[in-house]
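Understanding the architecture of this molecule
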Amino acid sequence: MSGKSAEKTIKEPARDIKVWREVDVVVVGGGPGGVASAISAARSGAKTVLIERYGHIGGMATGGLVNIIPNLSDISGKQHIYGLTMELLNRLDKRGGTSYTRKKDRGSTEKKAVDYYLDANLGWFYVRNDHNTGMQRVLYSAVVDPEILKDELNDMVLGAGAELLLHSWGTQVIMKNNAVRGVFFESKSGRQAILGKVIIDATGDGDIFVAAGAELDNECDNKRRTAWLALVWWLTNVNIRKYDNFKASQPEKYKELIQELIKLGGYPMFFKGILKNQPNTVWYHCMQPQPQHTDAMDVEQLTKIDVQARKRALITYDFMKKYVPGFERSFIMLTAPQLGTQGGRRIIGEYILTEKDMETDEVFEDTIAVLANNDYGEISAKHPTLCIPYRCLVPKCVDGLLVAGRAFSSADTINETFNIIPHCIAYGQAAGTAAAMAVKAGIQPRRVDYKALRANLVKQGVNIPEYSGKKKSESLTRSKPKDFYYQKYTSGGG
Amino acid sequence: MAKNISVKTIKERARETKVIREADVIVVGGGPGGIGAAVSAARNGADTVLIERYGYLGGMGTGGLVTIIPLLTDYTGKQQIIGLTQEWIDRLIARNAVDFPPEEHWGSIDKELVRYYFQRSFFMTRLDRVSYAAIIDAEISKYILNEMVEEAGVKVYCHAWGTEPIMEGNHCKGVIIESKSGRQAILGKVVIDSTGDGDLFPYAGIEYEDNIPPNFRIANLALCFWVDGVDLKKANEYRQKNPHQFMELSRKAFESGAFGGYFTSNLPDQDSIVWFHNRYANKSQVDVEELTRVEFEGRKKMMKTYDFFKKNMPGFEKSFIVLSAPQLGTRSSRRMVGEYKLTQKDLSDNQPFEDTIAIFPDLDRGQESLNHPNMYIPYRCLLPKNVDNMLVACRAFSSDEHVQEWFNLIPHCIAFGEAAGTASALALKAGVGIKQVDIKALQKQLSKQGVPLPDVTKKVDYKYTGPALTTPPFGAH
């Protein structure tokens, strides 16, 4: 009958496609990077369109149920990320849509505070080890309500004057010579085109720069968090107190049950839903390996993993409900509408951030963000921040294009540590601002004046250190972390 | 905001698109129709591919949060829709993830019983009687549907958007899909459009209509959402003790732009969840600008509703929004003009067609429904006129707006799918086109699969003699 066919192709004839809009900046993908890009470009005066595949924006933070904004401070509690991330958190706070570590606890090593935050999230988002002292300390991290966030992001994008098109999948590019001039997108209205002066690839996966033929890196050690996919699901109607009591009073029995669950193929770890009004809810961030390719790009593998993850959710749910005190009346309230992609293709940009950059403490001339470095063992202890240059958002070989989001130009080591929500927002804020500047000046994005870009970002409340012009000398310790920080989570042990 | 709407076009260059698979049957869209089609085609021996845009199957039944499979019995209590619909429900029963009136209550006119079910769920009574309707668990259903297609041996592509048919004259050679793997092609012998919206029609040259009167149910989009953390006991007590204040609050909610009413879940253990289903008028359910606008309006209205209830309604103090539906609730858009078009006239005809492939209870039209308790569905309303190897298995079946209004729900779409999938496999096995399929053999096979079908050789002579109706029909317009 049939089956897989080898390299057979089919001819699609040339055709005329309707141009839906002609604008200054087209942002493809409405995740944290895309939303920040669109807001910044529009606020900076560019006529901007944002197109998004799903019916909501927010990407992993909303549809992926990765509603966590961690690492806003370094381990001492000093905050580094401001800008749009803070604007967003302040807006959410007014609506009761966020919970976060209290100001006075940030940086604290006090056992009571540490234990309190550890209890809820197993050390994932609120607490880190300080390798200088060996003690655990509280970070500035927040969790956000995905549904309130969807609404708030809509307000921010529209409030900035950007136009938004949902249910629209940006798939192919329109090239002129070496520059991207627009994108084709698919929707219920059929195939259409949007033309723009600068296109921002905020697809997370570099869908646009692949279509544009840009050079990329998709290598990733399969032990890294970024090489795994996650299906997040939430269980509710859990009697947490009963569960806690059971765990405390019968630790041996508890351990036995968890071993049994792992043997069955279930997923043993969950976070307590620590949003307001969620006292009975727990979050499972179920990690699934990608056996063949680690870049989350293979639709057959994505399908297989989605199916497997759903099986695993049911195995876990059935087991917990049947055997674990507190879960008797629980039910699955939802699985994430989007599969949790954590990393994949990265652009080869004008600058590639590598592990080495963590140890030089260099303040680049084109620094667009300072990120807290909390997840890289001893290196983090010695070098608590990392500066991000604008050049790692600029493709080396293609014009008219910027990258905002986790596909920024980076080695897999850097990508694993600096590709989460607040980081993507920072990249987006810089890309959107730079795109608007390029349009205004009638130049390519790579020609944007670094000093002016820095000044504009500072004006927007982004924290950027003074550029002294001095290059730091390289005195590398080369002390690599003993193991991958996230490994214990990906392996499903705990 | 940009308003420079242009009629400008841009040339997309010719290209070679990689063929990733060749199959017997390609089903585009994994909603109830697509599930019915893919499972039936595969079980009947066809090598089947199912393409789904989202990461899960079930369409409106899961991602749309329209977790309701209603209208399974006619007013006498006889179950008319069985087949794959009942199989889905049976699998939910095994997991205690479904709620419905037990068989002995179907068709009952006992007033107490009817009142009980009416209060339990709006869907469980029709025409003064208890009706078999199932409230289903969305998440467990996603899992069960995966199981069903997997067991049947269907090759599924999730996260893949079937965008265009590959046409050669009046023959469809396959489908173009977009996914994270880029643009690719799948070739097939039969292509089934289960997109709900007839997404393939414009490109395949299939004739269609999209007129919908604005006062019809199907003219509206929905953005369903669920609220959890509700103290329902408190809410119900308040409602019973203070009916006047409750009405007043609902009115105020409505005036402030919020929704006034909700359904309770009633599923096992879901004792603190309520559902808000709703309607949004629109110009078209396949216009991406309209879809975007309704997403915004829906989200605004959802937040207003949530804020209002939380602030004002006893029992909602600690509530929170669990989720808004990942998929907009689309109710109708393109409708094929096929080999046979079911029209208003057929609603009052009662006669089985020679090629009947399903019987649908008619319960929503008051006295008219009592006079005409069942609707017969011909195979031909799944067949386009001018394409020789495509079928439609979803709400885009060939019908006028009246038939569409009443018979485009989840169990109906599953039935279209079950017939389309079975017919495709039988045609391929016999080496004939889908239009030449042996109808008797198709009906025999559907019966074997548990689909109730009429004796098409007998004329139905029917007259209602029961008591007059006391409640108005569900959706009078």
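Residues numbered from 1 in each chain as written. Chains lettered and ligands numbered in written order. Predicted model: local features only at pLDDT ≥ 70, side-chain atom pairs only at ≥ 80, totals over all residues.

1. Considering the environment of Phe271(A)
As for its placement among the helices and strands, Phe271(A) is situated in strand β16 (residues 271–272). The sequence separation of Phe271(A) and His285(A) amounts to 14 residues, and the corresponding C-alpha distance is 8.0 Å. (Helix = DSSP H or I, 4+ residues; strand = E, 2+ residues; numbered from the N terminus.)

2. Observations regarding the packing of helix α12 (residues 410–430) of chain B against helix α13 (residues 439–448) of chain B
All names here are of chain B. Close contact between α12 and α13 brings their axes to 10 Å; oriented N to C, the two are set at 125 degrees. Classified by the interaxial angle, the pair formed by α12 and α13 is oblique. As for how α12 packs across α13, the hand of that crossing is right-handed. Across the interface between the two elements, Glu 418, Ala 419, Thr 422, Ala 423 and Leu 426 from α12 touch Ala 441, Leu 442, Gln 445 and Leu 446 from α13. Each residue belonging to the contact of α12 with α13 can be placed in one class, and the counts come to six nonpolar, two polar and one charged. (Axes fitted to C-alpha atoms, helices over the stretch in contact; angles between N-to-C directions. Parallel < 35°, antiparallel > 145°, perpendicular 65-115°, else oblique. Left-handed = near helix turned anticlockwise from the far one by under 90°. Contact = placed C-beta atoms within 7 Å. Nonpolar A, V, L, I, M, F, W, Y, C, P; charged D, E, K, R; others polar.)

3. Quick word on helix α7 (residues 243–255) of chain B
All names here are of chain B. For α7, with 13 residues, the first-to-last C-alpha span of 18 Å sits near the 18 Å given by 1.5 Å per residue. With zero of 13 residues buried, α7 lies mostly on the surface of the structure. Positive phi shows up at Gly 257, right after α7, with a value of about 95 degrees. (Expected span 1.5 Å × (residues − 1). Buried ≥ 20, exposed ≤ 12 C-beta atoms within 10 Å, placed from the backbone.)

4. Focus on the sheet that holds strand β5 (residues 98–99) of chain B
What holds strands together in a sheet is hydrogen bonding between their backbones, with the strands either parallel or antiparallel. Residues and elements named next belong to chain B. Spatially, three strands are ordered β4-β8-β5 in an open sheet, and the strand pairing comes out antiparallel. Of all strands in the sheet, those with a lone pairing partner are β4 (68–69) and β5, marking the two edges. Here two bridges tie β4 to strand β8 (residues 134–136), and the two strands are oriented antiparallel to one another. Directly across from Ile 68, in β8, lies its bridge partner Ile 135. (Pairing = 2+ DSSP bridges.)

5. Brief notes about the sheet that holds strand β19 (residues 320–324) of chain B
Residue and element names in this part refer to chain B. In spatial order, the strands read β16-β17-β15-β19; together these four strands make up an open sheet with antiparallel pairing. The open sheet terminates on both sides in strands that have one partner only, identified here as β16 (263–264) and β19. As judged from the three bridges shared by strand β15 (residues 225–228) and strand β17 (residues 274–276), these two strands associate in the antiparallel manner. When the sheet's bridge partners are listed, Phe 225 is paired in β17 with Phe 276. Those strands touched by helix α8 (residues 288–312) are β15, β17 and β19, and its axis lies near 160 degrees from that of β19.

6. Notes on the interface of chain B and chain A
Counting residues at the interface gives 69 residues for chain B and 71 residues for chain A. A per-element tally of the side of chain B that touches chain A places strand β2 (residues 15–28) of chain B first, with nine residues. In terms of residue class, the side of chain B that touches chain A is made up of 26 nonpolar, 18 polar and 25 charged. Pairing of strand β2 (residues 9–12) of chain A with β2(B) involves four bridges; the strand directions are antiparallel. Counterpart to Lys11(A) in the pairing with β2(B) is Glu16(B).

7. Let's talk about the pairing of strand β18 (residues 331–335) of chain A
Residues and elements named next belong to chain A. With five of its five residues buried, β18 lies for the most part within the structure. Note: strand β15 (residues 228–236) against β18, four bridges, orientation antiparallel. Each bridged residue has a counterpart across the sheet, and for Trp 234 the counterpart in β18 is Leu 334.

8. Topic: the domain arrangement of chain B
Residue and element names in this part refer to chain B. Examined at the domain level, chain B breaks down into domain 1 (17–212 + 329–477) and domain 2 (223–324). A C-alpha centroid distance of 29 Å is found between domain 1 and domain 2. Listed by partner, the interface residues are 19 residues for domain 1 and ten residues for domain 2. Considering only residue class, the side of domain 1 that touches domain 2 consists of five nonpolar, seven polar and seven charged. (Domains from an automatic or database assignment.)

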